[in-house]
Amino acid sequence: MSDKTRIENATAGKTRRETELTRRETGKTSASKTRRLLLPKEVSSRYEYLYDLPASGGEADVALLKDKETKQLLFFKFYRAGISPDPMAMLLLRSADPKHVVRLIDFHDEDDGTWEIQEYCQLGSIQDWASSQEGRLAKETLVDVLKEMASALEYLHGLGSGIAHRDLKPANVLVRSDDPLDLVLADFGLAKSQQTFSHLTTMAKGTWHYSAPEVHFKVSTPKSDWFSLGAMLYELYTGTKLFSMADGTEVSEDDARARCLAGNYSTTSIDDPRWKLLIDGLLVWEKDNRWGAREVGEWLSGGSPAVQEGKRAYTRRQTTAHYSPIWSPDVASSPIELATLLRNNWKSAANCLAGRPDQKLIDFLEEFPGCQKAVRIIEAGDNPEVKMVKLQAILDPSGPILFRGYDLNRNGLNDIVSLAHSGDNEAMAHLIDIKNHRILKAYSEVTGSKSAARADYLLDEWEKQGRALIAKLPQRQAEIGRVALREALPDMFVAAFEEE
Amino acid sequence: MTSNAKRVIAQISAAGFTDVGPSRSHNQDAIVLGTTIGLGDHAILQWSGLCEESVTFAVVDGMGGYDGGAEAAALVAAAMARYKMPTDLSATVEQFRNISNRVSEAGKAWGAPKMGAAFAALCLAKESLLFLNVGDCRAYKINGNYLGQMSVDDRISTETSAITQAIGGTNNIDPHAWSQNPGSENERYLLCSDGIWGTLSQETLLRICRENVTAIDAVNRIWNEMQNHEITDNFSALIIDAITQEEEPRQGEGRVR
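Every value quoted in this text rests on a predicted model; they were computed, and no experiment measured them. All residue numbers here refer to positions counted from 1 along the written sequence of the relevant chain. For this description, chains carry letters from A and ligands carry numbers from 1, given in the order in which they are written. Only residues with pLDDT of at least 70 get local features here, since the model is predicted, and only at 80 or more are side-chain atom pairs given and counted; chain-wide, interface and lining totals rely on the full set of residues. Based on all heavy atoms of the structure, the side-chain values leave hydrogens and waters out of the count.

Novice: Pulling in residues and values, what's your account of the side chain of T18(B)?
Specialist: Residues and elements named next belong to chain B. In DSSP terms, a helix is any run of H or I states spanning at least four residues, a strand is any run of E spanning at least two, and both are numbered starting from the N terminus. Note that T18 resides in strand β1 (residues 6–19). N or O atoms closer than or at 3.5 Å make up a polar contact, with two conditions inside protein: a donor-capable atom paired with an acceptor-capable one, and, for residues adjacent in sequence, both atoms drawn from side chains. In this structure the side chain of T18 is engaged in a polar contact, spanning 2.7 Å, whose partner is the side chain of S236. In this structure, T18 is in contact with N27, D29, A30, I31, G38, L39, G40, D41, H42, A43, F235 and S236, ignoring residues within four places of it in sequence. The contact definition used throughout considers only heavy atoms, calling two residues in contact when any of these lie within 4.5 Å.

Novice: Lay out the sheet that holds strand β12 (residues 235–247) of chain B with the relevant residues and their values.
Specialist: All names here are of chain B. Read from one edge to the other, the open sheet built from six strands follows the order β4-β1-β12-β11-β8-β9, with strand pairing classed as antiparallel. The sheet terminates laterally at β4 (42–50) and β9 (146–149), the two strands that pair on one side only. Within the sheet, the average angular offset between the axes of one strand and its neighbour, ignoring direction, is 20°. At least two DSSP bridges between two strands are required for those strands to pair. As paired elements, strand β11 (residues 187–192) and β12 share six bridges and run antiparallel to each other. Following the sheet pairing, R188 is matched in β12 by D241. Comment: axis = line fitted to C-alpha atoms, over the contacting stretch for helices; angle = value between 0 and 180 degrees taken between N-to-C directions. Contacts from helix α4 (residues 202–210) reach β8 (138–143), β9, β11 and β12, with the element oriented near 55° to β8.

Novice: Now, about the interface of chain A and chain B: what can you tell me, with residues and values included?
Specialist: Counting residues at the interface gives 20 residues for chain A and 20 residues for chain B. Taken over both partners, the interface formed by chain A and chain B buries close to 1,500 Å², and the fraction arising from carbon and sulfur atoms is 46%. Accessible surface is computed with a 1.4 Å probe, and the buried area is the amount of it that two parts give up when combined, taken over both parts together. If you sort the residues of chain A by the area they bury against chain B, A354(A), R356(A) and G381(A) come out on top, with a joint share of 41%. The working definition used for a salt bridge is a side-chain nitrogen of Lys or Arg within 4 Å of a carboxyl oxygen of Asp or Glu. Linking chain A to chain B there are zero salt bridges. For the pair chain A and chain B, the interface holds nine residue pairs in polar contact (both at pLDDT 80 or more). Elements that contribute at least two residues to the side of chain A that touches chain B include exactly α11 (346–353), α13 (372–379), α14 (384–395) and α16 (425–436) of chain A. Among the elements that line the side of chain A that touches chain B, the one with the most residues is α11(A), at four residues. When residues are sorted by character, Ala, Val, Leu, Ile, Met, Phe, Trp, Tyr, Cys and Pro go into the nonpolar class, Asp, Glu, Lys and Arg into the charged class, and all the rest, Gly among them, into the polar class. For the side of chain A that touches chain B, the per-class residue count stands at six nonpolar, six polar and eight charged.

Novice: Any chance you could break down the packing of aromatic side chains for me, citing the residues and the numbers?
Specialist: Residue and element names in this part refer to chain A. Pairing of aromatic side chains requires ring centres within 6.5 Å, counting the rings of Phe and Tyr and the six-membered ring of Trp. Pairs whose planes differ by under 30 degrees are stacked, by over 60 edge-to-face, and all others tilted. All told, the structure shown has 14 aromatic pairs over all chains when counted by the stated rule. With centroids separated by 6.2 Å and ring planes inclined at 45°, the aromatic side chains of Y237 and W275 adopt a geometry described as tilted. Of this pair, Y237 sits in helix α6 (residues 222–238) while W275 sits in helix α8 (residues 273–282), and the two are 38 residues apart along the sequence. The class for Y237 is buried, based on a relative accessible area of 2%. Relative accessibility thresholds used throughout: buried, under 20% of the residue-type maximum; exposed, over 50%; partly exposed, between the two (1.4 Å probe, protein chains only). According to the relative accessible area criterion, W275 is buried, its value standing at 4%.

Novice: Outline the packing of α13(A) against α14(A), listing residues and values.
Specialist: Residue and element names in this part refer to chain A. Interaxial distance between α13 and α14 falls to 9 Å at its minimum, and their mutual angle equals 170°. Between α13 and α14, the angle is such that the two are roughly antiparallel. The segment α13 lies against α14, with K373, A374, I377 and I378 engaging K387, K390, L391, I394 and L395. A class-by-class count of the residues in the contact of α13 with α14 yields six nonpolar, no polar and three charged. By definition in this entry, angles of less than 35 degrees are roughly parallel, angles greater than 145 are roughly antiparallel, angles of 65 to 115 are roughly perpendicular, and the rest are oblique.

Novice: Give me the lowdown on the pairing of strand β5 (residues 113–119) of chain A, citing residues and values where you can.
Specialist: Successive residues of a regular strand alternate their side chains across the two faces of the sheet. All names here are of chain A. Of all seven residues in β5, seven are buried; the element is thus mostly enclosed. In the sheet, strand β3 (residues 73–79) pairs with β5 via five bridges, with the strands oriented antiparallel. Each bridged residue has a counterpart across the sheet, and for K77 the counterpart in β5 is E116. Across six bridges, the pairing between strand β4 (residues 104–110) and β5 is antiparallel. For L104, the partnering residue across the bridge sits in β5 and is Q118.

Novice: Any chance you could break down the pairing of strand β7 (residues 173–178) of chain A for me, citing the residues and the numbers?
Specialist: All names here are of chain A. Where β7 and strand β8 (residues 181–185) come together, five bridges link them in antiparallel fashion. Across the sheet, residue L174 finds its bridge partner in β8, namely V184. Hairpin connection from β7 to β8: two residues lie between these consecutive antiparallel strands.

Novice: Go over the confidence of the model for chain A with me, naming the residues and quoting the values.
Specialist: Residues and elements named next belong to chain A. For every residue, the predictor reports its confidence as pLDDT, a number between 0 and 100. Mean pLDDT for chain A: 82, with 81% of residues reaching 70 or above. Confidence, read as mean pLDDT per element, is least for helix α1 (residues 3–25) in chain A (38) and greatest for strand β10 (residues 402–403) (96). Here residues 1–33 is modelled with pLDDT under 50, and outside its nearest four sequence neighbours on either side it reaches 49 contacts, counting other chains as well. Per-residue pLDDT stays below 50 along residues 313–319; that stretch engages in 15 contacts with residues further than four places along the chain or on separate chains.

Novice: Now, about a negative patch on the surface: what can you tell me, with residues and values included?
Specialist: A patch consists of residues whose relative accessible area exceeds 30% and which take part in no salt bridge; residues with like charges are grouped when within 9 Å of each other, and nonpolar side chains (Val, Leu, Ile, Met, Phe, Trp, Tyr) when within 5 Å. For accessible areas, the Shrake-Rupley method is used with a probe of radius 1.4 Å. Any residue's cover is judged against the shown protein chains and nothing else. Charge assignment in this entry is limited to Lys and Arg as positive and Asp and Glu as negative, and neither His nor the chain termini are counted. A charged residue contributes its charge at one atom only: NZ of Lys, CZ of Arg, CG of Asp or CD of Glu. A cluster of acidic side chains, namely E42(A), D109(A), E110(A), D111(A) and D112(A), defines a negative patch on the protein surface. Summarising the element assignment, D112(A) is placed in the loop between β4 and β5.

Novice: Any chance you could break down the pattern of salt bridges for me, citing the residues and the numbers?
Specialist: All names here are of chain A. Following the criterion strictly, the structure yields 38 salt bridges over all chains and no others. In this structure, K223 and D288 form a salt bridge, with 3.5 Å as the shortest nitrogen-oxygen distance. Here D288 lies in the loop between α8 and α9 (293–300) and K223 lies in helix α6, a separation of 65 residues in the sequence. By relative accessible area, K223 is classed as partly exposed at 35%. In this structure, E385 and R404 form a salt bridge, with 2.8 Å as the shortest nitrogen-oxygen distance. Taken as a pair, E385 in helix α14 and R404 in the loop between β10 and β11 (406–407) lie far apart in primary sequence, 19 residues in all. For E385, a relative accessible area of 0% translates into the label buried. Here R404 falls in the buried class, since its relative accessible area comes to 19%. A network of salt bridges, in which partner residues are shared, links R438, D456, D460, E461 and K464.

Structure (structure tokens):
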């Protein structure tokens, strides 16, 4: 597409964007029809609720508010249970330069919940802005985007001892104004100060299309943000996501992750050699060789820093191995895809893993370095669901570890416990099987989770003690005792995870 | 448990039956529990003991389409009653080809050259289990909430009961053998002929096998459940309960892999 065409599209898109804004201002969106959020008292005393907004990630519910005094429109974000931003990062952001970062008006992180009040950018995100221009921006505009983003990242990474955003994507870059272009970073729910880095929440949506390879190995640093910027620029230049198929077809989140890990992405669609150089530099697989603020500055000044690809840490043999299990209509072409199939076809996969190992599955896994442990797990005589817990960790180290659709982390277990408390028999059955088959023990073995190991131990001990007491009772009372022990299971789970 | 402790089979409790069924005149099935063979129209056996050396359990189904099916089943059952866990798994091919040749030779001598039998067996030793089968008798492991099939069906397709190989009826048989270590929980196994698994659903078999009853009660419940269905063949089932425990290595033994 020529630059002239790009600019014409950008102008035409403006009218569409204004229409979109009008619709948004009057609240006539589908998001406004259902109210999800009840405002905390502290918030409702000062702000008027207008309507819910569509959440861009899975970590919080968001709404539009109006300051009762100033009439200013504000963005409200209420984090879901168990999720809260890094307090250190939020403290720094409160005093951050609003030139680069969305203004944080208020932040609350207590036992009764975690929420933020931010400035509201009426033009929406750069994703909204670009989509009104068929998803592509003119090069002149892209330069402005790059300058804004590079400046914002450089500032963010220099805050305190350094903050990494860790979830940079078009939806998290807000357009404060478009003439002149003023972009600000937003959605710091996953931001981390340099002291501690932990894995991205698995609930974040649209994340894997912009995540750097090292993120999948639970190592995300400020350098990961530069990769994300590269992925964003690629998309804003070409109109397609970086990890798309060759014909531009968008792929799933899991496929995006697999392609990223395999280094299966290219910038051949970028017809301008200067832009290709820039984006290649930002998308270097090896984070230590990746471009950062210095190289981008050099490029903006007309320079051509070298692009050093380096050796990829994750290697796999060139193979066209595929596995078509009898328990799923889908095909796996990588260990990660196999992990996804296991999660999505839990019962039928477990049924198969309960029996004699499938030689085709073993042959498939032997194509991939590092999967020998997975083969041993499949061949062992363990409970099939124990195998599936362990397999997920090996086949997809950065993915979630699920048990019958529930994450085995604290949030997922809390969900099951809550359901069991409310009388859900299926949830109770899950808890019984988690306890009986030592699922938490398996989980702790592959994740190193001390709390899971401790909880498994306690649950087992309490069960033995309970049964020993019941065994001394007359038959009728023993039956009552067994029922009571069963009914107490959700509370036992809660107690087993309580801090020492 | 120390890092060197291993899981071993301490005790075994088993029960099984074989039945001619209402539609057939002769029972061509047989069951094997240790060194004891169950034959005839109706037989029910129990076995229990410590697992100190190798012990074998098997269900055998003589090929009904040819003469000598019952005789072939008896010969195979006798061979399984003497069967011991091999030290080298690769020896199973030759072992069962030898058994097959003996059955075949006997058949030729008796005027039933094509006689043969399918079987499924579970051989247990203290530290390992070996699943064996030729034909379409099945071996299952009750694994958590699931019924895991440990045997491989030697059938042409799911539409027909014709089998692709049998002991005695086929040259150069390829026995299916799969070895596993004892799991981390007490374990229950089911061996059965196609008269059982072709009649009762997997869900029904799993439900019965998961009930907290002894092996003898469980096989009786399978027999009772069969009476609720149309029975067109001989039918045989065998349940084996393996009680496992952790064992520290004896002094002088190295770390168990």
